[in-house]
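Chain residues, written in single-letter form:
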Amino acid sequence: MSAAVLEMSARSSAAERLADFSRVTTDDVDEAAEEIGRIFCPHDLKPATARAAGFSARHNCAAFDGFSINYVAYGGSVGIDPGCLERFFLVQVPLSGAAHIRAGATEVEAAPERTASLLSPTIPTRMMWRDCAQAILLLDRRMVEQRAAALSGRAAGAVEFDPVIDLQAPAGQALRRSLAELMLLAEHLGPSGLMSAVATADWRERLLDHLLNGQRHGLSDAIQSYSGRAERLPRALRAARDHLAGNAGEPLDLAGLASRSGIGIRALQLGFRRHFGVSISQMLLDMRLAGLNARLAQSPPDVSITDIAFDLGFTHLGRMAGAYREKFGETPSATLRRRMS
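Residues numbered from 1 in each chain as written. Predicted model: local features only at pLDDT ≥ 70, side-chain atom pairs only at ≥ 80, totals over all residues. Heavy atoms only, no water.

**Q** Teacher, can you tell me more about the pattern of salt bridges here?
**A** Once their charged atoms are close, side chains differing in charge can pair, the charge on each being opposite to the other. The final tally for this structure, using the stated rule, is 16 salt bridges. A salt bridge links E109 to R130, with the nearest nitrogen and oxygen atoms 3.8 Å apart. Taken together, the residues E109 in strand 6 (residues 106-110) and R130 in strand 8 (residues 125-140) connect sequence positions 21 residues apart. Connected through shared salt-bridge partners, D140, R142, D286 and K327 make up one network. (Salt bridge = Lys/Arg side-chain N within 4 Å of Asp/Glu carboxyl O. Helix = DSSP H or I, 4+ residues; strand = E, 2+ residues; numbered from the N terminus.)

Put into structure tokens, the structure is as follows:
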């Protein structure tokens, strides 16, 4: 570890979070761009000064099923250009320093305890971090879009948020408290600890509620209107979706799922298409893929991908690998290698 990184660690030791989940620690610009790009997405990274004086980078990441909590810090002034994130939403809450963010036509001046940012996957983004450390929540795009569709009664599609989060408003304060609590929980569990499936599902619900009901976005009005309709079918669909999430490793039993939901099989199938924008089997596949990604992100180097896949309910490894690559942009073995690096 270089002198610059040691100096950064000494400066931020009181503030650094998720230290046991270290993924990247470097004072090399190219290495930082490559390694952090593997975890988030490829991006351009440029220090404000030509010689990158004082540059350092650290990324700690605790990954769960459908979301991750991260600590990212850059020493010096650094320009970051990820373009469109494509696969996920990012909530960025400054812990120290400051950041200027341009998301589409909106500019955000992020600062601790005042303003955070929410980046949508379809909106191009550019940022300048100035000796900045942020707590970053990553949420799977498909998960957010499916929930937005269910809440609004629309087909699943792109959801674009107001990128400005007021941390002094009640919704911003609640979000900030939840992320702080999630960080503490991850630190308590440690890299070898596992959050139970029930607890993970509860956290997904909590985080989705913060975003879709606490932050303005393109479907906010539709959700407000649709929530006023006491329809039996959406309640049944929520019950079916929750049962799928809690039993994703079990074989799909349409008759049993319909019985638990209180509606017929055909109504259930049509309801999933209408409200979630996907079939029941597609949603189950997505849940299993997210579970596989989360398990691989926390597994030891000698883990058997095949064993995990079978444990999660996959029976055709070739189709699983293809679907995983389409969702995450890499093979399961690549995810595991990145975990080992």
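Let's pick the thread back up.
**Q** It is not clear to me how helix 8 (residues 254-261) should be interpreted in this structure. Could you clarify?
**A** Note on helix geometry: an α-helix contains 3.6 residues per turn, so any two residues three or four positions apart are oriented the same way. Every buried residue belonging to helix 8 is among L257, A258 and S261, and all of these are buried. The buried side chains of helix 8 occupy one side of the element, clustering within an arc of 100° when seen end-on. Exposed residues on helix 8 whose side chains face more than 90 degrees from its buried face are S259 and R260. The N-cap of helix 8, judged by a side-chain oxygen 3.3 Å from the amide nitrogen of A255 a few residues on, is D253. One or two steps after helix 8, the chain reaches G262, where phi turns positive at roughly 85°. (Buried < 20%, exposed > 50% of the residue type's maximum accessible area, 1.4 Å probe, protein only. Arc of directions from axis to C-beta. Polar contact = N/O pair within 3.5 Å; in protein donor to acceptor, adjacent residues only side chain to side chain.)

**Q** Looking at this structure, I do not really get a negative patch on the surface. What am I missing?
**A** Residues D27, D28, D30 and E31 make up a contiguous surface patch of negative charge. Within the secondary structure, D30 is located in helix 2 (residues 29-39). (Patch = residues over 30% accessible without salt bridge, like charges linked within 9 Å, V, L, I, M, F, W, Y side chains within 5 Å. Areas by Shrake-Rupley, 256 points an atom, 1.4 Å probe, with all protein chains shown as cover. Lys, Arg positive; Asp, Glu negative; His and termini not counted. Charge placed at Lys NZ, Arg CZ, Asp CG, Glu CD.)

**Q** What is the right way to look at the nonpolar core in this model?
**A** Soluble, globular proteins show a tendency: their nonpolar side chains are buried together. In this structure, I69, V91 and L182 are the most contacted members of the largest nonpolar core, which totals 37 residues. Secondary-structure elements contributing two or more residues to this core are strand 3 (56-64), strand 4 (67-83), strand 5 (88-103), strand 7 (115-119), strand 8, helix 3 (141-152), helix 4 (170-189) and helix 5 (197-214). In this view, V91 contacts S117, L118, A135, I136, L137, I165, L175, L179 and L211; residues no more than four positions away in its chain are not counted. The next biggest cluster of nonpolar side chains, apart from the first, holds 31 residues, and it includes A57, F88, L90 and A103. (Core = buried A, V, L, I, M, F, W, Y, C linked by side-chain atoms within 4.5 Å. Contact = heavy atoms within 4.5 Å.)

**Q** Help me out: how do you make sense of the pairing of strand 5 in this one?
**A** Along any regular strand, the residues point their side chains to alternate faces of the sheet. Pairing geometry for strand 5 and strand 8, over 14 bridges, is antiparallel. Following the sheet pairing, A99 is matched in strand 8 by W129. Across three bridges, the pairing between strand 5 and strand 7 is antiparallel. What sits directly across from L90, in strand 7, is L119. Sheet analysis places strand 5 next to strand 6, joined by five bridges and oriented antiparallel. Bridge pairing in strand 6 links A99 to A110. Turn length for the strand 5-strand 6 hairpin, with the two strands adjacent in sequence and antiparallel, is two residues, and the turn residue G104 shows positive phi of about 65°. (Pairing = 2+ DSSP bridges.)

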